[in-house]
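Residues per chain are reported as follows:
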Amino acid sequence: MPSRQKPMRYGHTEGHTDVFFDDTGSCIVTCGSDGDVRIWENLDDDDPKSINVGEKAFSCALKGGKLVTAVSNNTVQMHTFPEGDPDGILTRFTAHANHVTFSPDGTRVAAGSSDFMIKVVEVTDSSKQKTFRGHDAPVLSLSFDPKDVYLASASCDGSVRVWNLADQTCTTSWLLLQKCNDVINAKSICRLAWQPGTGKLLAVPVDKVVELFRRETWDNQFKLSDASITQPLNVVVWSPCEQFLAAASVDGNIVVWNVETQQCIERMKHEKKYSICGLAWHPKHRQIAYTDTEGNLGLLENIGAAEKPNDKVGAAVAKDYNDLFDGDDDDYLNGDMVEPPSSPKTGDNEDDADDLVQPPGHVRRAVIDDDDDNSLDIGLIKASSGLLEKEDDGDDQTGGFSALPPSSTQQPLYDGPMPTPKQKPFQSGSTPVHLMHRFMVWNSVGIIRCYNDEQDNAIDIEFHDTSVHHATHLPNSLSHTMADLSTEAILLACESTEELASKLHCIHFGSWDANKEWTVDMPKDEEIEAICLGQGWAACATTALLVRVFTVGGVQKEIFSLPGPVVSMAGHGEQLMVVYHRGTGFDGDQCLGVQLMELGMKKRQILHGDPLSLTRKSYLVWVGFSAEGTPCYVDSEGIVRMLNRGLGNTWIPVCNTREHCKGKYDHYWVVGIHENPQQLRCIPCKGARFPPTLPRPAVAILPFKLPYCQVATEKGQMEEQYWRSVLFHSHVDYLSKNGYEFDENAKNQAVKEQQELLMKLFALSCKLEREFRCVELADLMTPSVVNLAIKYSSRSRRLNLAQRLGEVAVEKASGLAAAAAAQEDEEEEEDFRQRPNAGYSSSATNWGQLPGRNVQQDQEVEDAEEADACEEAEETPEVQQEKEPNHFSKGVASAEVTTPKPALVASSSRGRVNPFKVSSSKKDPVVPSANILDNMTKYSKKTSLSGSRAVNKQNPPVIKPLTPKPKTKQALAASFFQPRTPATNPAEKTVEEREEKAENESQETKVTAQENTENRRPKTGFQMWLEENRANILTDNPDLNEAEVIKEGMSRFRMLTSEERMVWTEKARGGRVSDSAEDKKRKRPTAEEDEVKKSQEQKSEDTNVSKKSKPLDASTNNRLSAFAFKQS
Amino acid sequence: MEPAEVEFLAEKELVTIVPNFSLDRIHLIGGDLGPFNPGLPVEVPVWLAINLKQRQKCRLIPPEWMDVGKLEEIRDQERKEDTFTPMPSPYYMELTKLLLNYASDNIPRADEIRTLVKDTWDTRMAKLRLSADSFVRQQEVHAKLDNLTLMEINTAGTFLTQALDHMYKLRTNLQPGESSHSQDF
């Protein structure tokens, strides 16, 4: 259909309604039986202005800023428009008036009443009244002659009369209608209408036809009828251009005729077939507004637009090439071409946007698809181009539409991409501003709700974690519309009013002084459009395209200009992300750009206004950071994207929330993203995009899923898991690079998980005989896992593969060495943790160890372990899945003693020992205690760093206050070799005792412990001694194996005097002097430790008291944990 | 069994709460609970939920069936049918009582829910009494009662079985010849 019928919307309670456009056509005015007059900006206006005029409004009329209504207290009142102030009573009747209407010049008002009377009153002077008596029943409707000579009226007595206004006599009268006794019993309300302008014709709806009477002669000129009209017509209106006549029937049909040709150009059916009682033609556009007796308001657009083509050529074309199209849309071709630029406001609506775009595509398809029938196509194109010209002519003729903007006549020529209206700025996690009860923000810290109803205008702030701050209730006297919430402050902002400037209001509850609030006024004519909070700072973006940064205490800091109007902002830690309009999008797409910057010590921009990738025809709905600080955003199609720092800061879709929705109209409203554990926190909304405030919505958790191919297969699944794991742990690299603390356990877990997945993939590829793929996979593995892979392949008799893997391993080792060498030079870079073999790095004494050194020992120990592991792995490839974690804990994380049991560690790190916890492996009680020691020190170190924050470190879901670690190496080293905290004291005693025991009774355990720790340590005096004396020991006892050699060596070393040992220690230290200065700095503490250790041993028991104050050093700890390790 | 004991059993049922504190997984004999993240719903046993609620450490999310619409349906169904209809939870009465007593501010239309559950309960108790009555009257030896909850069985069970015992004694005493036998009981 060329004309578009917008879905109806509820306007009034059921009962008689009336509708008008105002003089300029800028708004629609309706009145209804609820006594309200509503002023609608457009059909989509959700908050029309209401003027209460009485208990019931029967009719209203609008002209020249005066609103006249007929109300139930039998009066005709006047109000100013659009203010709606009462402006006096025009006239009274003894019964209520049924219809009021303005004279064309707006100076007089005619009212017809149920007391059979008609009055014409001067608007300026209500004492000047003329009364028309003669009807024998309630008057139904009235119409002024545009030349101001006559007045036409219809009445329940069945007569339609024309009155002479000057002498109040009845000029003529026809008995046309059915008689009845009251308006409510009338079959039709018979709204007659005089042709505007010349006033040549008077149109009267008579049953199912419209009768037209000629002026002066008063003879029946002709009748207009249509087959679609099956019920009596209620209303008739003329278009302002006099050419068209619209009529509406009691069963909801609207028909438009061209009066000259007497042809019907438009037929429309009310969607619910309610009786239409109000009809109004837009003064400029081809729009008709209509209301029904149920109080709904509807709008019909593009009336008569397709009139010509439809009647003439169009019909012919459609007929000729009917086979090209489905019957329904045979005139869509013309329709879409003459479609006016659907006003930008409608573009918000997705469906409209679709309508806009689809038809041209459809045409193209129709044309292209039928290329077997070229002649037809050419004909079609010619026809349509011919149509265009004719259409233009037609428009020119219709002088009445001369007020149309020129673009609309040119519109048909342009069918390219349509610009999309720019999306408005929004706050992430807020619901629309016009709602009376809304969320101003819902994030991982808390919820801010805003109530704006009659009783209350207030803001409610609630924290998820009540330990952050208690819930607060604020009056909203400034009518704030934007809010953000962090663990230290609440930020609110309001738009400017006539008197007051736009304000930024911050409640810094984290402040330790008494003054917790501050406000800042924006300069004149600058409106705040978006705000956000970071750690220690707040920022707002304004209409002046500025971003203003403040400290959380209210000091103004940086200001910078944005390249375009802001869409939304988000802050986290020291990162600020701003999304803005880069330009105009087309065809429903938005054109957004994003800036990401760090406002910390090192101020820098990470994303320099890069385009933001959005799903087609979608807009942005949420912008923010994951709890770990990775930028993320969500578009209206429910796709969640995350910044992939590992791939040059690209965006990767991590979840499609629409996949989880049950219904078509259901949505998920995102409130937070967590990377560890991987959680997308959102609120399911049934049939809406956002949740209501009541009942209180509950948060649901969605899993992440990268859109990898073939995730149904095992391979695809593991690939997806692997890359997801890599992606969701890349924040660790970022954190460590920027000197933040992070959970090392989680990092190791992740590496383990990833290597595990790689190994599984490797095994799978092996099984599928895809050896090349195996090598590719090996490229992703850490060296130790490559070794495992080599073993695996050689055991499964794939020697070629094993050989190639060997090359990969060598390559890796050399690459590693180069990387490590480069690292030594690059002092500032502390990202040794990023090295693929990060599994080693957690042991304290790893510093500066070069991968070529100690290879001998390393290799031996590892080989022994791996051989075991491989044997296990190979016996049963099927059971591999269960077994692998075990040998990975040995193989990948090598002799990682500190994290044998993650769950255990997690719980013990909090100092709580679970008495009930059933541990899967039977472990000596010593093991957990050793772990407790290690982790407790770690934990306390963290807390000491992060100050008073009592937030649970093992619980990433809460946004962690991130505090930069000390940056210098000395400080770092100090933190590693730092005397362990007093928290270990009680345990220490037992440790000492155990140590003694170990020394006296079981040298063996000690030796193995030594051996274990040796692998990961720089050479000590003992090691150097052992290297020299190994030969001796071997000659003495040729049948000893490696472990026993060390054991023997140990006991011999012990027999040396302390002076001799001192010499060796010195030697060890001296040997290292040749290393780089940096290296030396790092290692000295270790050497010193050895001394300390030795002196401790010598003093032994008698210094127990002093030792208590002396902190347990790292080596003791290591030995202890190694001891525990051995025991298990 | 005492009603208190039944209530104790009911306290093992899981309900969803939204904690406002942060706590790692806690390990108990009955199983692990948590982890508790502020603002994130978590399932815990009723006893813990009530404890936390009393300390204002959480917000309770009522069970799905604790909804006026659903309960009305259940009540109407219960009234319509002669036999017992299945209940939404084997501890519906106890849970309603516990949750409404301690967390009525988190349950919308708490009073209506209380009334509806009580109505359902009354209907079921009436049915139970009626069937017990006909059971005794017709001197049946066995009967089948489906969909009864523990609490309901307990309200009638003890009394009914004892009463049947007594009646059996009385009946056997009516027949003089067998009186000596009945003494053995």
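Residues numbered from 1 in each chain as written. Chains lettered and ligands numbered in written order. Predicted model: local features only at pLDDT ≥ 70, side-chain atom pairs only at ≥ 80, totals over all residues. Heavy atoms only, no water.

Engineer: Lay out the overall build of chain A in plain terms, naming residues and giving numbers.
Structural biologist: The secondary structure content of chain A amounts to 26 helices and 52 strands. Within chain A, the fraction of its 1128 residues that count as buried is 54%. With the model as given, the accessible surface of chain A reaches about 49,400 Å², and the carbon-plus-sulfur share is 52%. (Helix = DSSP H or I, 4+ residues; strand = E, 2+ residues; numbered from the N terminus. Buried < 20%, exposed > 50% of the residue type's maximum accessible area, 1.4 Å probe, protein only. Areas by Shrake-Rupley, 256 points an atom, 1.4 Å probe, with all protein chains shown as cover.)

Engineer: Let's hear about the overall build of chain B: which residues, and what values?
Structural biologist: Across its full length, chain B carries seven helices and five strands. Beginning at the N terminus, the succession of helices and strands in chain B can be written as α-β-β-β-β-α-β-α-α-α-α-α. The burial tally for chain B puts 41% of its 185 residues in the buried class. For chain B, the proportion of contacts with a sequence separation of at least 24, taken over those separated by at least 6, is 68%. Surface summary for chain B: the accessible area is close to 10,900 Å², and the carbon and sulfur share equals 53%. (Contact = heavy atoms within 4.5 Å.)

Engineer: Describe the sheet that holds strand 11 (residues 97-102) of chain A, and please don't skip the residues or the numbers.
Structural biologist: Either a parallel or an antiparallel arrangement is found when strands of a sheet pair, and the pairing is made through backbone hydrogen bonds. Residues and elements named next belong to chain A. Overall, antiparallel pairing links the four strands, which are arranged 11-12-13-14 in an open sheet. The open sheet has two edge strands, strand 11 and strand 14 (129-132), and neither has a second partner. Strand-to-strand twist across the sheet, computed as the mean angle between neighbouring axes with direction ignored, equals 15°. (Pairing = 2+ DSSP bridges. Axes fitted to C-alpha atoms, helices over the stretch in contact; angles between N-to-C directions.)

Engineer: With reference to specific residues and values, describe the side chain of A:Arg645.
Structural biologist: Residues and elements named next belong to chain A. Locating arginine 645 in the fold gives a position in the loop between strand 48 (639-644) and strand 49 (650-656). Within the structure, the side chain of arginine 645 is placed 3.0 Å from the side chain of glutamine 575, a separation counted as a polar contact. Polar contacts involving the side chain of arginine 645 include one to the main-chain carbonyl oxygen of glycine 629, which spans 3.0 Å. Residues within four places of arginine 645 in sequence aside, it is in contact with Gln575, Leu596, Gly629, Thr630, Pro631 and Tyr734. (Polar contact = N/O pair within 3.5 Å; in protein donor to acceptor, adjacent residues only side chain to side chain.)

Engineer: Help me get a handle on the packing of aromatic side chains, residues and values and all.
Structural biologist: Residues and elements named next belong to chain A. Scanning the model with the defined rule gives 17 aromatic pairs over all chains in all. Ring centres of phenylalanine 439 and tryptophan 442 lie 5.3 Å apart, and the angle between their planes is 65°; this geometry places the pair in the edge-to-face category. Taking relative accessible area as the criterion, phenylalanine 439 reaches 1% and is therefore assigned buried. A relative accessible area of 3% means that tryptophan 442 is categorised as buried. The cationic tip of arginine 645 hangs over the ring face of tyrosine 734; the distance from NZ or CZ to the ring centre is 3.6 Å. (Phe/Tyr/Trp six-rings, centres within 6.5 Å; stacked < 30°, edge-to-face > 60°. Lys NZ or Arg CZ within 6 Å of the ring centre and 35° of its normal.)

Engineer: Lay out the side chain of A:Ser103 in plain terms, naming residues and giving numbers.
Structural biologist: Residue and element names in this part refer to chain A. Checked against the element boundaries, serine 103 lands in the loop between strand 11 and strand 12 (108-113). Of the residues examined, serine 103 reaches a relative accessible area of 0% and is grouped as buried. Within polar-contact distance, the side chain of serine 103 engages the side chain of aspartate 105 at 2.6 Å.

Engineer: Can you break down the confidence of the model for chain A residue by residue, with the values?
Structural biologist: All names here are of chain A. Averaged over every residue, the pLDDT of chain A is 73; residues scoring 70 or more account for 67%. Per-residue pLDDT stays below 50 along residues 1073-1083; that stretch engages in 18 contacts with residues further than four places along the chain or on separate chains. Confidence drops under pLDDT 50 across residues 1100-1112; counting only partners more than four residues distant or on other chains, this segment forms 20 contacts. (pLDDT = per-residue confidence, 0-100.)

Engineer: So what's going on with the pattern of salt bridges? Residues and values would help.
Structural biologist: Within the structure shown, the criterion is met by 33 salt bridges over all chains. Where A:Arg724 meets A:Glu720, a salt bridge forms, and the shortest distance between an N and an O atom there is 2.9 Å. You can see A:Arg724 and its partner A:Glu720 sitting in helix 7 (residues 714-728), four residues apart, about one turn around the helix. Among the residues examined, A:Glu720 registers a relative accessible area of 5% and is labelled buried. Taking the shortest distance from any N to any O, the salt bridge between B:Asp146 and B:Lys144 comes out at 3.7 Å. By relative accessible area, which is 68% here, B:Lys144 ends up exposed. (Salt bridge = Lys/Arg side-chain N within 4 Å of Asp/Glu carboxyl O.)

Engineer: Describe helix 10 (residues 771-780) of chain A, naming the residues involved and giving the relevant values.
Structural biologist: Listing the buried residues of helix 10 of chain A in full gives A:Cys774, A:Val775, A:Leu777 and A:Ala778. The arc that holds the buried residues of helix 10 of chain A, viewed along the axis, is 160°, so those residues lie on one side. (Arc of directions from axis to C-beta.)

Engineer: An account of the UniProt feature "repeat: WD" (unreviewed entry) in chain A is requested, with residue identities and associated values reported.
Structural biologist: Residues and elements named next belong to chain A. When the UniProt feature table is mapped to this numbering, "repeat: WD" (unreviewed entry) covers residues 9-41, 132-173 and 236-267. The span residues 9-41 is 0% helix and 45% strand, and its two end C-alpha atoms sit 13 Å from each other. Taken as a whole, residues 236-267 contains 0% helix and 62% strand, while its terminal C-alpha atoms sit 14 Å from one another. (UniProt positions renumbered as here; feature names shortened; annotations may be inferred.)

Engineer: Account for the packing of helix 1 (residues 3-10) of chain B against helix 6 (residues 150-174) of chain B, with residues named and values stated.
Structural biologist: Residues and elements named next belong to chain B. Between helix 1 and helix 6, the shortest axis-to-axis distance is 10 Å and the interhelical angle comes to 170°. It follows that helix 1 is roughly antiparallel to helix 6 by the angle criterion. Here helix 1 contributes Pro3, Val6 and Leu9 to the contact with helix 6, which in turn contributes Leu150, Met151 and Asn154. (Parallel < 35°, antiparallel > 145°, perpendicular 65-115°, else oblique.)

Engineer: Describe the state of the cysteines, naming the residues involved and giving the relevant values.
Structural biologist: Disulfide: a covalent bond formed between the sulfur atoms of two cysteine residues. Enumeration over the complete set of coordinates arrives at zero disulfides over all chains. Counting only cysteine sulfurs, A:Cys655 is the nearest neighbor of A:Cys682, a cysteine outside any disulfide, at a range of 7.3 Å. (Disulfide = S-S within 2.5 Å.)

Engineer: Summarise the confidence of the model for chain B; cite the residues concerned and give the values.
Structural biologist: Mean pLDDT over chain B: 89, with 94% of residues reaching 70 or higher. Confidence estimates for the predicted assembly give a pTM of 0.52 and an ipTM of 0.81.

Engineer: Before we move on, could you go through the environment of A:Thr107 and cite the residues and values that matter?
Structural biologist: All names here are of chain A. Topologically, threonine 107 is positioned in the loop between strand 11 and strand 12. Among all residues touching threonine 107, those that are not within four sequence positions of it are Val121, Glu122 and Val123. A polar atom in the side chain of threonine 107 sits 3.0 Å from the side chain of aspartate 105.

Engineer: Any details on a negative patch on the surface? Residues and values, ideally.
Structural biologist: Residue and element names in this part refer to chain A. On the surface, a cluster of negative charge is contributed by Glu776, Asp779, Glu807 and Glu811. Those elements that provide at least two residues to the negative patch are helix 10 and helix 12 (799-825). If you trace the backbone, glutamate 807 turns up in helix 12. Residue class for glutamate 807 comes out partly exposed when judged on its relative accessible area of 45%. (Patch = residues over 30% accessible without salt bridge, like charges linked within 9 Å, V, L, I, M, F, W, Y side chains within 5 Å. Lys, Arg positive; Asp, Glu negative; His and termini not counted. Charge placed at Lys NZ, Arg CZ, Asp CG, Glu CD.)

Engineer: For the pairing of strand 47 (residues 631-635) of chain A, give the residues involved together with the corresponding values.
Structural biologist: Residue and element names in this part refer to chain A. Summarising burial for strand 47: five of the five residues are buried, a large majority. The pairing of strand 46 (residues 620-625) with strand 47 spans five bridges and is classified as antiparallel. If you follow valine 623 over to strand 47, its bridge partner there is tyrosine 633. Counting the residues that bridge the hairpin from strand 46 to strand 47 gives five residues, and of these glycine 629 lies at a positive phi of roughly 100°.

Engineer: Mind laying out the pairing of strand 29 (residues 296-301) of chain A, listing which residues take part and the relevant values?
Structural biologist: All names here are of chain A. Within strand 29, six of the six residues are buried, which leaves it mostly tucked inside the rest of the structure. Burial along strand 29 is two-sided: Asn296, Gly298 and Leu300 and Leu297, Leu299 and Glu301, pointing in opposite directions, are all buried. Sheet topology places strand 1 (residues 4-5) next to strand 29; two bridges connect them, and they run antiparallel. Paired with glutamine 5 across the two strands is leucine 300, which belongs to strand 29. Summarising the sheet, strand 2 (residues 9-10) and strand 29 pair through two bridges and their orientation is antiparallel. The partner of tyrosine 10 across the bridge, within strand 29, is asparagine 296. Pairing geometry for strand 28 (residues 288-292) and strand 29, over four bridges, is antiparallel. Across the sheet, threonine 291 pairs through a bridge with leucine 297, a residue of strand 29. Connecting the antiparallel pair strand 28 and strand 29 is a turn made up of three residues, with glycine 295 showing a positive phi of about 90°.

Engineer: Kindly report on a nonpolar patch on the surface, identifying the contributing residues and their values.
Structural biologist: All names here are of chain A. Together, Tyr708, Trp723 and Leu780 give the surface a local cluster of nonpolar side chains, amounting to about 250 Å² of exposed area. Residue placement: tyrosine 708 occurs in the loop between strand 52 (700-702) and helix 7. In this structure tyrosine 708 comes out as partly exposed when scored by relative accessible area, which is 33%.

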